[in-house]
Amino acid sequence: MSDARALARAYLEQQRLMGGDAVVLPGEHPTSSPPPPPHLNGDARAPNPAVTAFEPPPPGLSFDPPAGDLFSTDPIQQAADLLAIDRLVADCTKCRLCESRTHTVPGEGPADARLVVVGEGPGRTEDATGRPFVGQAGELLTKILAAIELPREQVFICNVVKCRPPENRAPQYDEIAACTPYLFRQLELLAPKVILAMGGTAAQALLDTKQALGALRNKLHRFRGIPLIVTYHPAALLRNPNWKRPTWDDVRIARRLLDR
Ligand code: SF4
């Protein structure tokens with residue numbers, strides 16, 4: 001098989017994983033499942049030869065909120081691991097969102113995750129289950145991660161606010177300010193290689209900016225020195241499928257940063 005044909009098939013498979021229609025290349029049986037290209041086999045952390053010429057996007061914003069110190073009396077700064085953060089969040093009443101929550105949703109994923117995905121806040125299903133990014137938007141996120149060869153189980157997934165805003169409204173400024181210390185401590189403990197901010201709320205909270213999502217995309221930002229890429233929230237993609245293509249561009253950048 002020619003390289004061009006293999007590349008075309010890999011591209012179409014990635015588009016299908018992102019939610020596009022299945023496309024059958026001429027000469028292939030429509031029901032057959034094509035074998036993955038070589039870089040989809042084996043260890044997802046293996047360098048992909050196709051990315052050796054990767055040019056990162058231009059530098060964007062840097063945000064360096066102060067890290068915790070050994071002598072802090074703040075229990076969030078003293079939290080020694082992710083479970084300790086979960087316990088603090090479970091008892092938290094620092095903002096009004098505690099009044100209507102069913103479950104807190106601190107986030108989930110392995111402590112050694114190299115990619116952290118940050119969304120806005122829990123929705124109805126997340127509030128009911130205590131898990132982030134479940135339901136339709138969560139399924140789409142799982143597909144997006146699969147498209148960059150990252151099983152969801154290898155990624156830490158969380159939100160800016162850990163309790164559901166009523167009627168799925170956007171979290172308000174004071175709620176975000178009250179909750180981000182948990183997120184920042186999680187990121188400090190995780191020390192991932194790349195952060196993917198999904199949606200304007202996550203991007204603005206992590207970069208301490210009011211800039212719109214459109215202005216923040218396609219730049220290599222940094223949070224405490226960690227590369228941070230901004231893209232659309234999966235819930236927004238469900239409303240506007242035209243954003244799938246730019247999202248695909250963004251997550252491929254995140255993947256390439258992981259491969260470096
Ligand atoms: S949203 Fe955050 S700050 Fe507000 S009550 Fe929940 S955990 Fe606490």
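Everything below is about the structure shown above.
Report follows, based on the coordinates. (Residues numbered from 1 in each chain as written. Predicted model: local features only at pLDDT ≥ 70, side-chain atom pairs only at ≥ 80, totals over all residues. Heavy atoms only, no water.)

Bringing the sheet that holds strand E5 (residues 220–223) into the picture now. Pairing between the strands of a sheet comes from backbone hydrogen bonds, and it takes one of two forms, parallel or antiparallel. On the basis of which strands lie adjacent, the open sheet formed by six strands has the order E1-E5-E6-E4-E2-E3 and mixed pairing. The open sheet has two edge strands, strand E1 (59–63) and strand E3 (156–159), and neither has a second partner. Shown here is a sheet whose adjacent strand axes are inclined to one another by a mean of 25 degrees, direction ignored. Sheet topology note: the E1/E5 ladder contains three bridges and is parallel. Paired with serine 62 across the bridge in E5 is arginine 222. Where helix H5 (residues 135–147) meets the sheet, its contacts fall on strand E2 (115–119), E3 and strand E4 (194–198), and the angle it forms with E2 comes to roughly 150 degrees. Helix-sheet contacts for helix H10 (residues 244–259) involve E2, E4, E5 and strand E6 (226–231), and the interaxial angle to E6 is about 170 degrees. (Pairing = 2+ DSSP bridges. Helix = DSSP H or I, 4+ residues; strand = E, 2+ residues; numbered from the N terminus. Axes fitted to C-alpha atoms, helices over the stretch in contact; angles between N-to-C directions. Contact = heavy atoms within 4.5 Å.)

Ranked by internal contacts, the top residues of the largest apolar core, which has 65 residues, are Leu115, Val117, Val118 and Leu206. When near neighbours in sequence (up to four residues on either side) are disregarded, leucine 115 contacts Leu145, Leu150, Val155, Phe156, Pro192, Val194, Leu196 and Leu258. (Core = buried A, V, L, I, M, F, W, Y, C linked by side-chain atoms within 4.5 Å. Buried < 20%, exposed > 50% of the residue type's maximum accessible area, 1.4 Å probe, protein only.)

For the structure on display, the rule yields two cavities of 30 Å³ or more. Looking at the largest cavity, its volume works out to about 90 Å³. If you go around the largest cavity, you meet 14 residues; those closest to its centre are Cys92, Cys95, Arg101, Cys163 and Cys179. Each residue belonging to the lining of the largest cavity can be placed in one class, and the counts come to ten nonpolar, no polar and four charged. (1 Å grid on protein atoms, 1.4 Å probe; cavity = no way out; pocket = protein on both sides within 12 Å on 5 of 7 lines; lining within 4 Å. Points joined across faces, edges and corners; volume = space filled by probe spheres on them. Nonpolar A, V, L, I, M, F, W, Y, C, P; charged D, E, K, R; others polar.)

Quick look at the environment of lysine 94 now. With respect to the helices and strands, lysine 94 occurs in the loop between helix H3 (82–90) and E2. Overall, the relative accessible area of 43% leaves lysine 94 in the partly exposed class. When the C-alpha positions of lysine 94 and alanine 178 are compared, they lie 6.2 Å apart, and in sequence the two are 84 residues distant. Beyond its immediate chain neighbours, meaning those up to four positions away, lysine 94 contacts Ile76, Ala178, Pro181 and Tyr182. A distance of 2.7 Å separates a polar side-chain atom of lysine 94 from the backbone oxygen of alanine 178. (Polar contact = N/O pair within 3.5 Å; in protein donor to acceptor, adjacent residues only side chain to side chain.)

Two numbers describe how H3 lies on helix H6 (residues 173–190): the axes approach to 10 Å, and their chain directions differ by 170 degrees. One finds that H3 runs roughly antiparallel with respect to H6. Along the contact surface, H3 presents Leu82, Ile85, Leu88 and Val89, while H6 presents Tyr182, Arg185, Gln186, Leu189 and Leu190. For the contact of H3 with H6, a count of residues per class yields seven nonpolar, one polar and one charged. (Parallel < 35°, antiparallel > 145°, perpendicular 65-115°, else oblique.)

So, about the site of the ligand. What surrounds the ligand is the set Cys92, Lys94, Cys95, Leu97, Cys98, Arg101, Lys162, Cys163, Ala178 and Cys179. When its residues are assigned to classes, the shell around the ligand shows seven nonpolar, no polar and three charged. (Near = heavy atom within 4 Å.)

What follows concerns H6. In this model H6 runs 25 Å from its N-terminal to its C-terminal C-alpha over 18 residues, within 8% of the 26 Å that 1.5 Å per residue would give. The largest bend in H6 comes to about 40 degrees, at cysteine 179, with the proline proline 181 one to four residues further on. Within the sequence span of H6, burial applies to Glu175, Ile176, Ala178, Cys179, Thr180, Tyr182, Leu183, Phe184, Arg185, Gln186, Leu187 and Leu190. Following H6 by one or two positions, alanine 191 adopts a phi angle in the positive range, close to 45 degrees. (Expected span 1.5 Å × (residues − 1). Bend = angle between axes of the 7 residues up to and from the residue.)

Turning our attention to the side chain of aspartate 259. As for its placement among the helices and strands, aspartate 259 is situated in helix H10. We classify aspartate 259 as buried; its relative accessible area is 14%. Reaching out from aspartate 259, the side chain makes a polar contact with the side chain of arginine 255 at a distance of 2.8 Å.

Attention now moves to the pattern of salt bridges. In total, this model carries nine salt bridges according to the counting rule given. Among the ionic pairs, arginine 252 bridges to aspartate 249, the shortest N-O distance being 3.1 Å. You can see arginine 252 and its partner aspartate 249 sitting in helix H10, three residues apart, about one turn around the helix. Using a relative accessible area of 30% as the deciding quantity, one classes aspartate 249 as partly exposed. Members of the salt-bridge network, linked through shared partners, are Arg96, Arg169, Asp174 and Glu175. (Salt bridge = Lys/Arg side-chain N within 4 Å of Asp/Glu carboxyl O.)

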